[in-house]
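Read off the chains here:
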Amino acid sequence: MKKQLYIKTYGCQMNVYDSGRMADVLAPIGYAPAEAPDGADMVILNTCHIREKAAEKVFSELGRLRNLKEEKRAAGGDLLIAVAGCVAQAEGEEILARAPYVDIVLGPQAYHKLPEMVAQAERAAAQAATARANGKPAPGQGILNTDFPAEPKFDHLPAPSVSGPSAFLSIQEGCDKFCTFCVVPYTRGAEYSRGVAAIVAEARQMVAAGVREITLLGQNVNAFHGEGPDGREWGLGALCRALAEIDGLARIRYTTSHPRDVDDDLIAAHRDVPALSPFIHLPVQSGSDRILRAMNRGHTADDYRRIIDRLKTARDDLALSSDFIVGFPGETDADFAATLKLVEDVGYVQAYSFKYSPRPGTPAAGMANQVPEAVKDERLAALQALLQTQQVAFNQACVGREMDVLLDREGRQAGQLLGRSPYMQPVHMEAPAALFGALARLRIVSAGPNSLRGELIAAHPPQPKERACA
Ligand code: SAM
Ligand code: SF4
């Protein structure tokens, strides 16, 4: 009988992808996905360290899992507990010291080692069970791997399993930019790009398995510089052109990109490759040059405005989302006003905004002039109100338009399907279940603050170009 594996994923799409890969490497040694931790033989917490209280959340979840492990042991079974992801990378030793019942701690670069770590942990658990049965103290069992190995893990991972018409494909990892607020360079390690041939082969397999939309993933996805089949380094633009050649691949997205890495070829790809999504997530963090400098972002607010102008010139239906941080150390009212001005100038269809959270070990955490929480709260509320107004206006402007929507989920009610518009808006519609997975042409008939409703015009291959709403 298969053993049951429950993975709880925190944080970004990269972690969602990594969780899938961990399930893939554990399938050959007999683990099948479970929906809940209760009946599971193994639980993995795939953690995120990007903002505060991440570690505390993990420790409180571990407390619950400890109880579950004890219940299972009392009933003659066992539960393997693993902590993966960026909290594991940053606080591995601390986790094993504070929660000695954890069996495995592994960083993001060690997933391909998971089967051997599980085998080791199963052996250790069996020895501990024998010791307990003989009234002897059980030896400590925690296995730790937070190395940044020289050999890239992707070469050792099996082809990812896919389900549904939309899939993530990781092409780049790590970061060398060292923004002063961010833990990623410390938890994910140095920047690394996969080779083009391996990425294209993986994309082909996904399309053969029914995938119509691929989202290319990387902490700095447009810093991609993988070795091409010609032996030269290819950028993201060239990679997108190659992927667009795959028959049946209707839409290509990428995330998360950095303004500094938007190069001429990527802009040209947005002009030339219809399958490339007209929706880009391009985080700017702040509209103040002084704060951008203190953040070590390497560009000004006007550099960012110019990049967007060039992208919109290349593709006039382009729409944007972004990430913002409010209350970075030293941020004044004038700095914050510059952020609001940038938001007004650009106009976002959707965005994420966060209060600055000091991350231990990062330069900004030790900066003077930390902004009081109450000021951060106020600024966050003001920024989110503006962003929400823009999102609602964009959604309203979509009413009456036609667009291609990938129907990738079943609705709550029978006869309903859900999909994502080119701009990532959730779209509801009445449609036969047989259309699941289709790219359907819809007319948008109404809009709410967070979603759209559409009527089917036709289910067909994607249009050469999807027009913007506003
Ligand atoms: N590489 C991307 C970039 O450069 O924009 C961002 C990746 S980061 C994993 C995702 C987002 O988390 C960032 O864009 C930033 O807005 C937010 N973030 C990162 N560190 C943060 C911190 N210390 N406090 C608040 N937000 C943070
Ligand atoms: Fe973090 Fe992105 Fe800056 Fe890298 S570029 S340090 S991932 S915010």
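Our structure is the block above this text.
The paragraphs below set out a description of the structure included in this document. The model shown is predicted, which means the values in this text are computed figures rather than measured ones.

**Points about the site of ligand 1**
Reasoning step 1: Around ligand 1, the structure places 17 residues, and the nearest of them are Gln219, Gln285, Arg297, Asp323 and Ser357.
Reasoning step 2: Contact between ligand 1 and glutamine 219: a nitrogen atom at 2.7 Å from a main-chain N or O atom of the residue.
Reasoning step 3: Contact between ligand 1 and glutamine 285: an oxygen atom at 2.7 Å from a side-chain N or O atom of the residue.
Reasoning step 4: When ligand 1 sits alone it has 560 Å² of accessible area, and the protein chains cover 90% of it.
Reasoning step 5: Of all the elements in the fold, those that place two or more residues in the shell around ligand 1 are strand E15 (319–326) and strand E16 (350–355).
Reasoning step 6: Partitioning the shell around ligand 1 into residue classes produces seven nonpolar, five polar and five charged.

**Some points on helix H4 (residues 114–133)**
Because each turn of an α-helix spans 3.6 residues, side chains separated by three or four positions end up pointing in the same direction.
Reasoning step 1: Taking 1.5 Å per residue, 20 residues should reach 28 Å; H4 reaches 28 Å between its end C-alpha atoms and fits that length.
Reasoning step 2: When we look at burial in H4, the residues that qualify are Leu114, Met117, Val118, Ala121, Ala124, Ala125, Ala128 and Ala131. Each buried residue of H4 sits inside an arc of 140° when the element is viewed along its axis, so together they form one side. Looking at H4, the residues exposed on the side facing more than 90 degrees away from the buried face are Glu116, Arg123, Gln127 and Ala133.

**Comments concerning the pattern of salt bridges**
Note that side chains of opposite charge can pair when their charged atoms are close.
Reasoning step 1: Counting across every chain of the model gives 35 salt bridges.
Reasoning step 2: One salt bridge connects arginine 290 with aspartate 335, and the closest N-O pair in it is separated by 2.6 Å. In this pair, arginine 290 sits in helix H9 (residues 289–294) while aspartate 335 sits in helix H11 (residues 333–346), placing the two residues 45 residues apart along the sequence.
Reasoning step 3: Ionic pairing is found between aspartate 303 and arginine 306, a salt bridge with its closest N-O pair at 2.9 Å. Separated by three residues within a single helix, aspartate 303 and arginine 306 lie in helix H10 (residues 301–314), roughly one turn from each other.
Reasoning step 4: Arginine 306 gets classed as partly exposed once you look at its relative accessible area, which sits at 48%.
Reasoning step 5: The network of salt bridges with shared partners includes Arg241, Asp265, Arg271 and Asp272.

What counts and what doesn't
Every chain is numbered on its own, with residues counted from 1 as its sequence reads. Lettering of chains starts at A and numbering of ligands starts at 1, both following the order in which they are written. Local features are withheld for residues below a pLDDT of 70 in this predicted model, meaning they are given only at 70 or higher, and side-chain atom pairs are given and counted only at 80 or more; totals for whole chains, interfaces and linings count all residues. Values shown for side chains rest on all heavy atoms present in the structure; no hydrogens or waters enter the calculation. Any residue with a heavy atom lying within 4 Å of a molecule or strand is counted as near it. Here a polar contact is recorded for every N or O atom pair within 3.5 Å, except that within protein the pair must consist of a potential hydrogen donor and a potential acceptor, and residues adjacent in sequence are included only if both atoms are side-chain atoms. Every accessible area reported is derived by Shrake-Rupley at a probe size of 1.4 Å, with residue values counting cover from the shown protein chains alone. Strands here are runs of E lasting at least two residues and helices are runs of H or I lasting at least four, both read from the DSSP assignment and numbered beginning at the N terminus. Ten residue types, Ala, Val, Leu, Ile, Met, Phe, Trp, Tyr, Cys and Pro, are classed as nonpolar, four, Asp, Glu, Lys and Arg, as charged, and the remainder, Gly among them, as polar. Expected span, for any helix, means 1.5 Å times one less than how many residues it has. Relative accessibility decides the category of a residue: with a 1.4 Å probe and only protein chains considered, values under 20% of the type maximum give buried, values over 50% give exposed, and everything between is partly exposed. Our arc is simply the arc of the directions from the helix axis toward the C-beta atoms. Think of a salt bridge as a Lys or Arg side-chain nitrogen and an Asp or Glu carboxyl oxygen that are within 4 Å of each other.

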